Amino acid sequence: GGSFGRNATGIHTSDNVGVGTTTSSHNFNVTGETNLIGGLNVSGVGSVGHLNVSGETSVGGGLNVTGVSTLTGITTTGGDLYVGGDLYVKDDITYDQVAGREINITGLGTIAYFHATTANVSGASTFAGVVKGSGGLEAIVVGTGLSVTGITTLAGAGGITTTGGDLYIGGDLYVKDDITYDQVS
């Protein structure tokens, strides 16, 4: 039982109140669908089994979602987005800048500009188009060393392959066409 004044606003009771139920285990318990027009303010921890929101929603503090969540349309974050596990993307990703400890690209990767301190390329690799090197020349520049295993074709389309210093060959040298040399010792 509760007591009500003549001009009382709201429900004043020390018992639990239930709507749509005869047994209420909480201060205010609603069983069934609820339609709220206006704002809903929750202070403290709130737990919702199923929530359908249409229109703009603002969360002033933290939002903790457990379980599978589906967001449709465009989702925008105003700051950083932290993903504690794997991130699966079904469609394209567009980056402004990427910083990563490890990036594994399977399939075809097209990179407009590539700068690396160390690059380990395995499998078939094609460097095509205009690759600008020192002084704007078309070149691939290797700073301190290039180690190639397997069959390598240099200037396969009939171009000229040059070295700026000595060329050491650790096995047989096969020459298909003429050789011109300055000195032999």
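Treat the numbers as computed from the prediction; the structure is a model and nothing was measured.

Of regular secondary structure, the protein possesses 0 helices and 2 strands. Within the protein, the proportion of its 185 residues that are buried is 2%. Long-range pairs, those at least 24 residues apart, make up 0% of the contacts in the protein between residues at least 6 apart in sequence. Approximately 19,300 Å² of the protein is accessible, and the part contributed by carbon and sulfur atoms is 50%.

So, on to the environment of Val30. Its place among the elements puts Val30 in strand β2 (residues 28-30). Measuring from C-alpha to C-alpha, the distance between Val30 and Gly20 comes to 6.1 Å, with 10 residues separating the pair along the chain.

Our next topic: a nonpolar patch on the surface. Judged by side-chain polarity, Leu81, Val83, Leu87, Val89, Ile93, Tyr95, Val98, Ile103 and Ile105 come together as a nonpolar surface patch covering roughly 930 Å² of accessible area. Relative to the helices and strands, Leu81 is located in the segment after β2.

Next up on the list: the side chain of Ser24. Relative to the helices and strands, Ser24 is located in the loop between β1 (17-19) and β2. Judged by its relative accessible area of 19%, Ser24 is buried. Here Val17 takes part through its backbone oxygen, which lies 3.1 Å from a polar atom of the side chain of Ser24. Apart from the residues within four sequence positions on either side, Ser24 is in contact with Asn16, Val17, Gly18 and Asn29.

By the element assignment, Asn29 lies in strand β2. The exposure class assigned to Asn29 is buried, which follows from its relative accessible area of 18%. Non-local contacts of Asn29, meaning those with residues more than four positions away in its chain, are made with Val17, Gly18, Val19, Thr21, Thr23 and Ser24.

Parameters and conventions
- Residues numbered from 1 in each chain as written.
- Predicted model: local features only at pLDDT ≥ 70, side-chain atom pairs only at ≥ 80, totals over all residues.
- Heavy atoms only, no water.
- Helix = DSSP H or I, 4+ residues; strand = E, 2+ residues; numbered from the N terminus.
- Buried < 20%, exposed > 50% of the residue type's maximum accessible area, 1.4 Å probe, protein only.
- Contact = heavy atoms within 4.5 Å.
- Areas by Shrake-Rupley, 256 points an atom, 1.4 Å probe, with all protein chains shown as cover.
- Patch = residues over 30% accessible without salt bridge, like charges linked within 9 Å, V, L, I, M, F, W, Y side chains within 5 Å.
- Salt bridge = Lys/Arg side-chain N within 4 Å of Asp/Glu carboxyl O.
- Polar contact = N/O pair within 3.5 Å; in protein donor to acceptor, adjacent residues only side chain to side chain.

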